[in-house]
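Examining the three-dimensional arrangement
Each chain is listed here by its residues.
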Amino acid sequence: MTMLNDLLEEELFLPERYRSMSEEELVEKITAIKERLGEKLFIPGHHYQKDEVIQFADVSGDSLQLAQLCAANEKAEHIVFCGVHFMAETADILTNDDQTVYLPDMRAGCSMADMANIDQTERAWDALVETFGDTIIPLTYVNSTAAIKAFVGRHDGATVTSSNAHQMVEWAFTQKERILFLPDQHLGRNTAADLGIALDEMVVWDPIHEKFEYEGSMDPSRIKVILWKGHCSVHENFTVKNVEFVRETYPDMNIIVHPECPYEVVQLADVDGSTKKIIETIEQAESGTKWAIGTEMNLVNRLIAQHPDKTIISLNPYMCPCLTMNRIDMPHLLWSLESIEKGETVNVIEVDEETTKEAIAALDRMLARA
Ligand code: 13P
Ligand code: SF4
């Protein structure tokens, strides 16, 4: 093995000793480091994190709340982000230069964010401008790389999250005639449809084959929204068949889904919304009500445990975990915390200055309206 491989291994993979630690030892050590570091340490945890991680989070939230909380926290020197790569990058972009952001396992990516790379996006933009002229504003779901956020920032666009997508799409139409929505076609389609845009006023851009996907022949003057052909591999697993099964088997059950689910599923559901909205809806629901939830498994399991007075099931009986979110666990968290105490820089997320400058413009346009 080369020295480079050794270094990469060291950075990427959890040292063996953490794997063999007992749960009690892990809990004890993490708790002790948290106490020693006090306010110098901030641990945000996304709602999809496992309970073993959430128990140590200083705050838990959806992607918008976590971005806002990181931007507001000026005290913490070390931000150990329990979520996925794009969330940690966003935290780094929104925090000061003297604050360091860590991702406990660098392999915790997001398959949706990986579906739009910057070269594909630059090439798509050229093709779109050729077809539609200077009429397009780009919006990117925060589930995207820092490079895509920077691209959007430089073209006067903004980021969106699942909890403010409606507001941001409405804002975008005050700026330009058309929107390019990256990288989640489902969130883009669901949001635009809610705002009264017809399906035939939307077109999908396929970044692999570099062409439009459209039923019949496309009249460019009719198109209002260009949807990037990306999706979430977790939420695509909630299907119309799942909805039909629940409707037939439990006629008095409510269905609530995340807007990353396909359009047909969202149309058939009773409610749709971000992880925050799903949690609030279940919290506010009357005792005895029944809910089938279409989102990630850790969150559904937590809601089942927290609301024994309600009947809660996953909309997909085979449950859908986000494998990358699940990479963060107690051993990786302890590895990060011990490295911080030793002054080692393991699993640091650092977005370069130029990218930060442009990406922050896109994030700020959203945060100013969120
Ligand atoms: P929220 O913005 O609802 O937290 O969702 C983030 C996410 O990655 C959902 O898959
Ligand atoms: Fe990405 Fe989907 Fe996982 Fe969310 S649930 S982090 S969109 S892969």
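In this report, we go over the structure that sits alongside the text.

We now examine empty space enclosed by the protein. For the structure shown, the criterion picks out 1 cavity of 30 Å³ or more. Approximately 60 Å³ is the volume attributed to the largest cavity. Surrounding the largest cavity, Ser63, Leu66, Ala67, Phe81, Phe86, Met87, Thr90 and Val142 form its lining. Sorting the residues of the lining of the largest cavity by element identifies helix H5 (63-72) and helix H6 (85-94) as the ones contributing at least two each.

Quick look at helix H13 (residues 275-284) now. Within H13, the full set of buried residues consists of Thr275, Ile278, Ile279, Thr281 and Ile282. The buried residues of H13 occupy an angular sector of 165° when the element is viewed end-on, so they sit on one face. Considering only its buried residues, H13 is in contact with strand E2 (44-46), strand E12 (254-257), strand E14 (290-294), helix H14 (297-306) and strand E15 (311-314).

Below, the discussion takes up the pairing of strand E11 (residues 225-228). Side chains Val225 and Leu227 of E11 all project onto a buried face; the interleaved residues Ile226 and Trp228 project onto the opposite face, where all are buried too. Note that strand E8 (residues 178-182) and E11 share 3 bridges and pair parallel. Looking at E11, one finds that Ile179 is bridged to Val225. As paired strands, strand E9 (residues 202-206) and E11 are joined by 4 bridges and run parallel to one another. What sits directly across from Val204, in E11, is Leu227.

So, on to the layout of surface pockets. Taken as a whole, the largest pocket encloses approximately 360 Å³ of empty space. Along its surface, the largest pocket is lined by 28 residues, and Tyr48, Cys110, Cys232, Val234 and Cys322 are the ones closest to its centre. In terms of residue class, the lining of the largest pocket is built from 14 nonpolar, 12 polar and 2 charged. Size it by volume and the second largest pocket reaches roughly 300 Å³. Taken together, 14 residues form the lining of the second largest pocket, with Asp92, Asn96, Asp97, Glu350 and Val351 sitting closest to its centre. Elements that contribute at least two residues to the lining of the second largest pocket include exactly strand E5 (100-102), strand E16 (348-349) and helix H16 (353-367).

The grouping of Glu77, Asp97, Asp98, Glu350, Asp352 and Glu353 at the surface amounts to a negative patch. In this fold, Glu77 is placed in the loop between H5 and strand E4 (78-80). Of the residues examined, Glu77 reaches a relative accessible area of 36% and is grouped as partly exposed.

What counts, and at which threshold
- Residues numbered from 1 in each chain as written.
- Chains lettered and ligands numbered in written order.
- Predicted model: local features only at pLDDT ≥ 70, side-chain atom pairs only at ≥ 80, totals over all residues.
- Heavy atoms only, no water.
- 1 Å grid on protein atoms, 1.4 Å probe; cavity = no way out; pocket = protein on both sides within 12 Å on 5 of 7 lines; lining within 4 Å.
- Points joined across faces, edges and corners; volume = space filled by probe spheres on them.
- Helix = DSSP H or I, 4+ residues; strand = E, 2+ residues; numbered from the N terminus.
- Buried < 20%, exposed > 50% of the residue type's maximum accessible area, 1.4 Å probe, protein only.
- Arc of directions from axis to C-beta.
- Contact = heavy atoms within 4.5 Å.
- Pairing = 2+ DSSP bridges.
- Nonpolar A, V, L, I, M, F, W, Y, C, P; charged D, E, K, R; others polar.
- Patch = residues over 30% accessible without salt bridge, like charges linked within 9 Å, V, L, I, M, F, W, Y side chains within 5 Å.
- Areas by Shrake-Rupley, 256 points an atom, 1.4 Å probe, with all protein chains shown as cover.
- Salt bridge = Lys/Arg side-chain N within 4 Å of Asp/Glu carboxyl O.
- Lys, Arg positive; Asp, Glu negative; His and termini not counted.
- Charge placed at Lys NZ, Arg CZ, Asp CG, Glu CD.

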